[in-house]
Amino acid sequence: MLFFTHPVVAQASPAPSFTSPARQPLTVSWPSNIAISPASAANFERSNQGSGTILVTIKCNGTKNAIIPPTPDIDGDLKAALMRFVSDAKVAAGASCRDQTFIVHFEVPSGNMTETELQPPG
C-alpha cells in the first residue's frame, strides 16, 4: 500500500468581524478670534489682567448658549462681541452626537481665544 502524506498548513481562524458604527460626534468650527473694541478692552482691563472666560453649551440640534458673567468688566459691546463669536461658530452634528460644553478663554485686547471641552461626569 502506498500512502501519500499531504502537508498540513495551519490556518488561523478568522477573527470575528463586526462593524462598529462610525463615530460621528459634534464638531465645532470656532471663529479665529473675538472682535473686541478698544473701548471695551480698556473697560475690561480696568478690572482684569488680559483674559476672560465664558461657558458655551452646544446641543446636537445646533443650539448654542453662552454664559457670560454679569460683571462690570464686560460692557454691552464686549457682551455683544462674545455673543456674535458664539453665534458665528459652525456646528456639524453626526449620528452619535452628544451635547457639549466648552470653557472659552479669550485674551484682551487681541481677541485670541482657546476652547476646552468639559468632559461629562462619570
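Quantities reported herein were computed from a predicted structural model and do not represent experimental measurements.

1. Examining the nonpolar core
- One finds Trp30, Ile34, Ile54, Leu82, Val104 and Phe106 to be the most contacted residues of the largest nonpolar core, which totals 24 residues.
- Of all the secondary-structure elements, those providing two or more residues to this core are β1 (26–29), α1 (38–47), β2 (51–58), α2 (76–88) and β5 (100–107).
- Here this core takes five residues from α2, the largest share from any one element.
- The contacts of Leu82, once residues within four sequence positions are left out, are Ile34, Ile54, Ile68, Ile74 and Phe106.

2. Quick notes on the sheet that holds strand β3 (residues 64–67)
- If you walk across this open sheet you meet the four strands as β3-β2-β5-β6, and the pairing is antiparallel. Of all strands in the sheet, those with a lone pairing partner are β3 and β6 (113–118), marking the two edges. Between one strand and the next, the sheet's axes are offset by a mean angle of 25°, whatever the strand orientation.
- Along the sheet, α2 contacts β2, β3, β5 and β6; its crossing angle with β3, the most-contacted strand, is approximately 150°.

3. Digging into the side chain of Asp73
- For Asp73, the position within the fold is in the loop between β3 and α2.
- Although Asp73 is buried, it makes no salt bridge; Arg46 carries the closest opposite charge, 11 Å away.
- If near-sequence neighbours (up to four positions away) are discounted, Asp73 is found in contact with Asn43, Phe44, Ser47, Asn48 and Leu78.

4. Here's the deal with the pattern of salt bridges
- Scanning the model with the defined rule gives two salt bridges in all.
- One salt bridge in this structure joins Lys59 and Asp99, with 3.8 Å as the shortest N-O distance. Pair noted here: Lys59 is in the loop between β2 and β3 and Asp99 is in the loop between β4 (90–93) and β5, with a separation of 40 residues, a long-range link.
- The class of Asp99 is partly exposed, set by a relative accessible area of 39%.
- As a salt-bridge pair, Glu117 and Arg98 come within 2.7 Å of each other at their nearest N and O atoms. Highlighted residues: Glu117 in strand β6 and Arg98 in the loop between β4 and β5, separated in sequence by 19 residues.
- Given the relative accessible area of 29%, Arg98 is considered partly exposed.

Conventions and cut-offs
- Residues numbered from 1 in each chain as written.
- Predicted model: local features only at pLDDT ≥ 70, side-chain atom pairs only at ≥ 80, totals over all residues.
- Heavy atoms only, no water.
- Core = buried A, V, L, I, M, F, W, Y, C linked by side-chain atoms within 4.5 Å.
- Buried < 20%, exposed > 50% of the residue type's maximum accessible area, 1.4 Å probe, protein only.
- Helix = DSSP H or I, 4+ residues; strand = E, 2+ residues; numbered from the N terminus.
- Contact = heavy atoms within 4.5 Å.
- Pairing = 2+ DSSP bridges.
- Axes fitted to C-alpha atoms, helices over the stretch in contact; angles between N-to-C directions.
- Lys, Arg positive; Asp, Glu negative; His and termini not counted.
- Salt bridge = Lys/Arg side-chain N within 4 Å of Asp/Glu carboxyl O.

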